[in-house]
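Residue-level listing of the chains:
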Amino acid sequence: MKHIGILGGGQLGRMMALSAKQMGCTVATLDPTPDAPCAQVADRHIEAEFSDVESARLLASESDVVTFEFENISAETAEAIDEKLPQGTELLFQTQHRLREKALLSTHGLPVAPYRSVRSMEELHEAKEKLGIPFVLKTARFGYDGKGQHVVKSESDFAKLLETFEVDEYVAEKWLTFEKELSVIVVRSEKEVSVFPVSENVHENNILHLSIVPARVEDATADEAVALAKKFAEAINLIGTLAIELFLTQDGLIVNELAPRPHNSGHYTLDACETSQFEQHVRALIGLPLGKTTLLTPVVMVNILGEHVTALEEEWSTLSPRTKVHLYGKKDAKRGRKMGHLNILADSIPEALKEIERLGIWKEKVK
Ligand code: ADP
Ligand code: MG
């Protein structure tokens, strides 16, 4: 029986923990929030800040292996428990900073959007000059769900940005026109690598809304995304899980960003694949052979945000028998907060999308 420590107590930790417990592991989580989603299902909760190195050491001392469910762990904390982290710290540090992440991708020949580093007002002007409008300015650290991003689509947007600009580290990126957003999740152990089927992702207000699998793209495109993920995972000696967000543009696939952990766009695997991303992650950590990632059925994953909870409750008894409910145990249904998701299994994607439309929980029209 293995003892697993998870830095972070959110929904990704909770779903890792549920898989780990199924395989007989014990789970301890470190998170500052009482009753955090993962703490509700873990054997033990160390209630501490992520900057609390002593508490991280305690977690490590009680665990055979430690993993993380989010990437903003300080270097000090991660390095203090390095020997218990099979995933290492290097990829974690590279993906914590958008400029380092772009450099890593470029080093391995992966295409990224044209970008500039911005550390001053002067560099912001230079970025606009070189990239042209439209472009997006992203904070180099701590961004998620579109937070810390400014899209500049006109001269007046730029003037507004100048008024509010505060000196920090940013990356400015050319705003790309894309046909679709895709993602691919790859898990690697010391012995083998496995890739999950490519997901087609639809965002609303920069927050993931739908993951559609199989993605509605040509086979050659999906194959290329899978091959890219595999090659990259091997090149960087990945251990554990990596999610790669992609744009499908007229010029082919462009990498948007990386996440060194299971990802929202992989939640569909919980019910639609032979092995889920969480099970696979745990398998890689505890030395089990990796599972098969075969897709068993078409699926659409749809996120339940705070503003969708009441409507979900109203539709509760009408959900289709093939709709799998995942709720994360969060009490406070704030707007934009990820409360859960549904995996809608169906014989075809149009059928699953029709079910979403019928439910009417999400006001946006499904395209
Ligand atoms: P986050 O860390 O918040 O997920 P992303 O870089 O993935 O940040 O940006 C969020 C969303 O904004 C993307 O999923 C995409 O829809 C849009 N976006 C980000 N960068 C670009 C870009 N260069 N061109 C066009 N759309 C973009
Ligand atoms: Mg993203």
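Residues numbered from 1 in each chain as written. Chains lettered and ligands numbered in written order. Predicted model: local features only at pLDDT ≥ 70, side-chain atom pairs only at ≥ 80, totals over all residues. Heavy atoms only, no water.

Draft legend 1. Spatial organisation of the overall build of the protein chain. When its secondary structure is counted, the protein chain shows 12 helices and 17 strands. The C-alpha atoms of the protein chain give a radius of gyration of 20 Å, which matches the 21 Å a tight globule of 367 residues would have. Overall, the C-alpha framework of the protein chain stretches about 60 × 50 × 40 Å when taken along its three principal axes. Counting the 367 residues in the protein chain, one finds 55% classified as buried. (Helix = DSSP H or I, 4+ residues; strand = E, 2+ residues; numbered from the N terminus. Rg over C-alpha atoms; globule rule 2.2 N^0.38 Å. Buried < 20%, exposed > 50% of the residue type's maximum accessible area, 1.4 Å probe, protein only.)

Draft legend 2. How the structure looks around the coordination of the magnesium ion (ligand 2). Summarising the metal site, the magnesium ion (ligand 2) is bound by the protein donors E245 (OE), E245 (OE) and E257 (OE), whose distances to it range over 2.0 to 2.7 Å. A residue pair is termed long-range when its members are at least 10 positions apart, and E245 in strand β13 (residues 240–249) and E257 in strand β14 (residues 252–259) qualify at 12 residues. Judged by relative accessible area, which is 22%, E257 ranks as partly exposed. (Donors = N, O, S within 2.8 Å, 3.2 Å for Na, K, Ca; no water.)

Draft legend 3. Structural context of the pairing of β13. With respect to burial, β13 is a largely interior element, 10 of its 10 residues being buried. Inspection of the sheet shows β13 paired to β14 by seven bridges, in the antiparallel sense. By the bridge assignment for β14, E245 is matched with E257. The hairpin turn running from β13 into β14, its antiparallel successor, is two residues long. (Pairing = 2+ DSSP bridges.)

Draft legend 4. Spatial organisation of the pairing of strand β2 (residues 26–30). Judged by how many residues are buried, β2 sits mostly within the fold: five of five residues are covered. By the bridge criterion, five bridges tie strand β1 (residues 3–7) to β2 in an arrangement that is parallel. When the bridges of β2 are listed, I6 appears paired with T29. Regarding the hand of the β-α-β motif, the stretch spanning β1, helix α1 (residues 11–22) and β2 is right-handed. Strand direction decides the pairing type here: β2 and strand β3 (residues 44–46), joined by three bridges, are parallel. Residue pairing across strands places L30 opposite I46, the latter belonging to β3. (Right-handed = clockwise from strand over helix to strand, strands pointing away.)

Draft legend 5. Quick look at the pattern of salt bridges. Inspection of the entire model under this criterion finds 18 salt bridges. A salt bridge links E54 to R57; the shortest N-O distance between them is 2.8 Å. Separated by three residues within a single helix, E54 and R57 lie in helix α2 (residues 53–61), roughly one turn from each other. Taking the shortest distance from any N to any O, the salt bridge between K102 and E173 comes out at 2.9 Å. Of this pair, K102 sits in helix α5 (residues 98–107) while E173 sits in strand β8 (residues 170–174), placing them 71 residues apart in sequence. Residue E173 is classed as buried on the basis of its relative accessible area, which comes to 3%. (Salt bridge = Lys/Arg side-chain N within 4 Å of Asp/Glu carboxyl O.)

Draft legend 6. Quick peek at the site of ligand 1. Surveying the vicinity of ligand 1 reveals 20 residues, the closest of which are K138, G146, L176, E181 and N256. The contact in question runs from an oxygen atom of ligand 1 to an N or O atom on the side chain of E181, over 2.6 Å. A distance of 3.0 Å separates an oxygen atom of ligand 1 from a polar side-chain atom of N206. For ligand 1, whose unbound accessible area comes to 540 Å², protein coverage reaches 94%. Counting only elements with at least two residues in the shell around ligand 1, the list comes to β6 (135–139), β8, β13 and β14. Of the residues contributing to the shell around ligand 1, the split by class is six nonpolar, six polar and eight charged. Of the residues that make up the shell around ligand 1, three or more belong to each of domain 2 (114–174) and domain 3 (180–365). (Near = heavy atom within 4 Å. Polar contact = N/O pair within 3.5 Å; in protein donor to acceptor, adjacent residues only side chain to side chain. Areas by Shrake-Rupley, 256 points an atom, 1.4 Å probe, with all protein chains shown as cover. Nonpolar A, V, L, I, M, F, W, Y, C, P; charged D, E, K, R; others polar. Domains from an automatic or database assignment.)

Draft legend 7. Helix α10 (residues 277–286), seen in detail. Counting buried positions along α10 gives 10 out of 10 residues, so the element sits mostly inside the fold. Among all positions in α10, only Q277, F278, E279, Q280, H281, V282, R283, A284, L285 and I286 are buried. Just downstream of α10, G287 is the residue with a positive phi angle, here 80 degrees.

Draft legend 8. Structural detail: the domain arrangement of the protein chain. If you check the domain split of the protein chain, you get domain 1 (3–85), domain 2 (114–174) and domain 3 (180–365). Once you take the C-alpha centre of each, domain 1 and domain 3 turn out to be 23 Å apart. At the junction of the two partners, domain 1 supplies 19 residues and domain 3 supplies 22 residues. Of the roughly 1,700 Å² buried between domain 1 and domain 3 on both sides combined, carbon and sulfur atoms contribute 69%. Its largest share of buried area at the contact with domain 3, domain 1 owes to Q11, M15 and M23, together 31% of the area lost on that side. Here domain 1 is connected to domain 3 by two salt bridges. (Contact = heavy atoms within 4.5 Å. Buried area = accessible area lost by both parts, 1.4 Å probe.)

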